[in-house]
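Residue-level structure breakdown
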Amino acid sequence: MATQSPQTEATRELVEYCAEGGIAILTLSDPPANTYSYDMMQQLDARILEARMDERVQVIVVTGSGEKFFCAGANISMLAKMTPEFKYYFCLHANETLSRMEQTPKLVIAAINGHCVGGGLEVALAADIRIARKDSGKIGLPEVNLGVLPGTGGTQRLSRLVGKSKAIELMALGKTFTFAEAKELGMVNDTFERDNFMSNVLEYARQFCPPNKAALAVGRIKRAVQSGWEVPIESGLALERENQQLLFQSDDAKEGLNAYIEKRSAVFTAK
């Protein structure tokens, strides 16, 4: 029974972490295609928790290293050598990692800088907002061409984005398509120009950070939507009220209300 990857990558930095200006940048880094192994997914899990606990961070940006790939999905060469039991637990852990990212009460932006297919798209789908680099690659869930399904949340998250029938069609065909087509489908929120892509993504991300935006409120809006989306409306409303009560106790809520009354711009601190 296999319990770990045949070639450990634990000593390599497969997910780089940088935090500045209220933004944590998590970079998937395993050239040439940034495919993820069990070791990379463990590091991504750890980095998500690090960003969650980092008091300097209000927004998380996930991207890929290099110019050609955001992420091409799971490392197929690695998986081909492993037992079905390992593959199951590998997918289970990946699901848990992406759910942790989805439930972290900080805004997560996927900066899709290149090809984003298979499990790479599944990583991006777990983000709250997806920004793609114009004309820089293909996007899609082609797992059916390998005789399997998108097993890291793709069947569930894509259908919630584009609708059940369209999601089934896209996954059953197994085709990849352009970022412009993905925008039309609602899979990505926007496409930015190729030049200065990351600089523009970071500029976009900063608008959700203090002092101009109440980052705690942004995070709680995210949490209310992500956690309340699939529950009965009564439970969703209860979740909304609980998140609102937490915000009412914050310094930012006091500042926002006082600024409104005093007819001035609020200066938020994420506290």
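Nothing here was measured: the structure is a model prediction, and the numbers come from that model.

Definitions and cut-offs
- Residues numbered from 1 in each chain as written.
- Predicted model: local features only at pLDDT ≥ 70, side-chain atom pairs only at ≥ 80, totals over all residues.
- Heavy atoms only, no water.
- Helix = DSSP H or I, 4+ residues; strand = E, 2+ residues; numbered from the N terminus.
- Buried < 20%, exposed > 50% of the residue type's maximum accessible area, 1.4 Å probe, protein only.
- Polar contact = N/O pair within 3.5 Å; in protein donor to acceptor, adjacent residues only side chain to side chain.
- Salt bridge = Lys/Arg side-chain N within 4 Å of Asp/Glu carboxyl O.
- Axes fitted to C-alpha atoms, helices over the stretch in contact; angles between N-to-C directions.
- Parallel < 35°, antiparallel > 145°, perpendicular 65-115°, else oblique.
- Left-handed = near helix turned anticlockwise from the far one by under 90°.
- Contact = heavy atoms within 4.5 Å.
- Nonpolar A, V, L, I, M, F, W, Y, C, P; charged D, E, K, R; others polar.
- Pairing = 2+ DSSP bridges.
- Right-handed = clockwise from strand over helix to strand, strands pointing away.
- Phe/Tyr/Trp six-rings, centres within 6.5 Å; stacked < 30°, edge-to-face > 60°.
- Arc of directions from axis to C-beta.

The next subject is the side chain of Ser37. Position of Ser37 among the secondary structure elements: in the loop between strand S2 (23-28) and helix H1 (38-53). A residue is classified by how much of its surface remains accessible, and Ser37, at 3% relative accessible area, is buried. Of note is the side chain of Ser37, whose polar atom sits 3.2 Å from the backbone nitrogen of Met40.

This structure, assessed with the given rule, holds 14 salt bridges. Across the pair Lys222 and Asp128 runs a salt bridge whose closest N-O atoms are separated by 2.9 Å. In this pair, Lys222 is assigned in helix H9 (residues 215-228) and Asp128 in the loop between helix H4 (119-125) and strand S7 (129-133), connecting sequence segments 94 residues apart. With a relative accessible area of 17%, Asp128 lands in the buried category.

This brings us to the packing of helix H5 (residues 154-162) against helix H6 (residues 164-173). Look at H5 against H6: their axes get within 7 Å of each other, and the N-to-C directions meet at 130 degrees. Considering the angle they form, H5 stands oblique to H6. Here H5 runs over H6; the crossing is right-handed. Contact residues: H5 offers Gly154, Thr155, Leu158, Ser159 and Val162, while H6 offers Lys164, Lys166, Ala167, Leu170 and Met171. Among the residues forming the contact of H5 with H6, the class breakdown is 5 nonpolar, 3 polar and 2 charged.

Contact geometry of helix H3 (residues 84-103) with H9 gives a least axis separation of 9 Å together with a crossing angle of 135 degrees. In this view, H3 runs oblique relative to H9, as classed from their interaxial angle. Contact with H3, carried on its side by Met101, Glu102 and Gln103, involves Lys222, Arg223, Gln226 and Ser227 of H9 and no other residues of that element. For the contact of H3 with H9, a count of residues per class yields 1 nonpolar, 3 polar and 3 charged.

An order of S4-S6-S8-S9 is seen for the 4 strands of this open sheet, with the pairing classed as mixed. Strands with a single pairing partner mark the edges of an open sheet, and in this sheet they are strand S4 (69-71) and strand S9 (176-178). With direction set aside, neighbouring strand axes in the sheet form an average angle of 30 degrees. Pairing geometry for strand S8 (residues 138-140) and S9, over 3 bridges, is antiparallel. Bridge assignment links Ile139 to a residue of S9, and that residue is Phe177.

A word on the sheet that holds strand S10 (residues 190-192). The strand order S1-S2-S3-S5-S7-S10 describes an open sheet built from 6 strands, whose pairing is mixed. Two strands bound the open sheet, and with one partner strand each, they are strand S1 (15-20) and S10. Direction aside, the axes of adjacent strands within the sheet are offset by 25 degrees on average. Against the sheet, helix H8 (residues 197-206) contacts S2, strand S3 (59-64), strand S5 (107-112), S7 and S10, and its axis sits at roughly 165 degrees relative to S5.

Moving on to the pairing of S2. Looking down a regular strand, the side chains alternate between one sheet face and the other. Where burial is concerned, most of S2 is hidden: 6 out of the 6 residues are buried. Side chains Ile23, Ile25 and Thr27 project from S2 onto one buried face, and the interleaved Ala24, Leu26 and Leu28 project onto a second face that is buried too. Strand direction decides the pairing type here: S1 and S2, joined by 6 bridges, are antiparallel. Following the sheet pairing, Glu16 is matched in S2 by Thr27. Linking two consecutive strands that pair antiparallel, namely S1 and S2, is a turn of 2 residues; a positive phi of about 60 degrees is found at Gly21 within it. Examined bridge by bridge, S2 and S3 share 6 bridges and lie parallel to one another. Looking at S3, one finds that Ile23 is bridged to Val59. Crossover connection from S2 via H1 to parallel S3: handedness right-handed.

The tally for this structure, following the rule as stated, stands at 6 aromatic pairs. Ring pairs connect the aromatic residues Tyr36, Tyr38, Phe86 and Phe90, which therefore count as one cluster.

What follows deals with the side chain of Asp45. When you line up the elements, Asp45 lands in helix H1. Setting aside residues up to four positions removed in sequence, Asp45 forms contacts with His93, Thr97 and Arg100.

If you check which residues of H5 are buried, you get Gly154, Arg157, Leu158 and Val162. End-on view of H5: buried residues confined to an arc of 110 degrees, all on one side of the axis. Each element contacted by the buried residues of H5 is listed here: H3, H4, H6 and helix H7 (179-185). In the stretch just after H5, Gly163 is the one whose phi turns positive, near 100 degrees.

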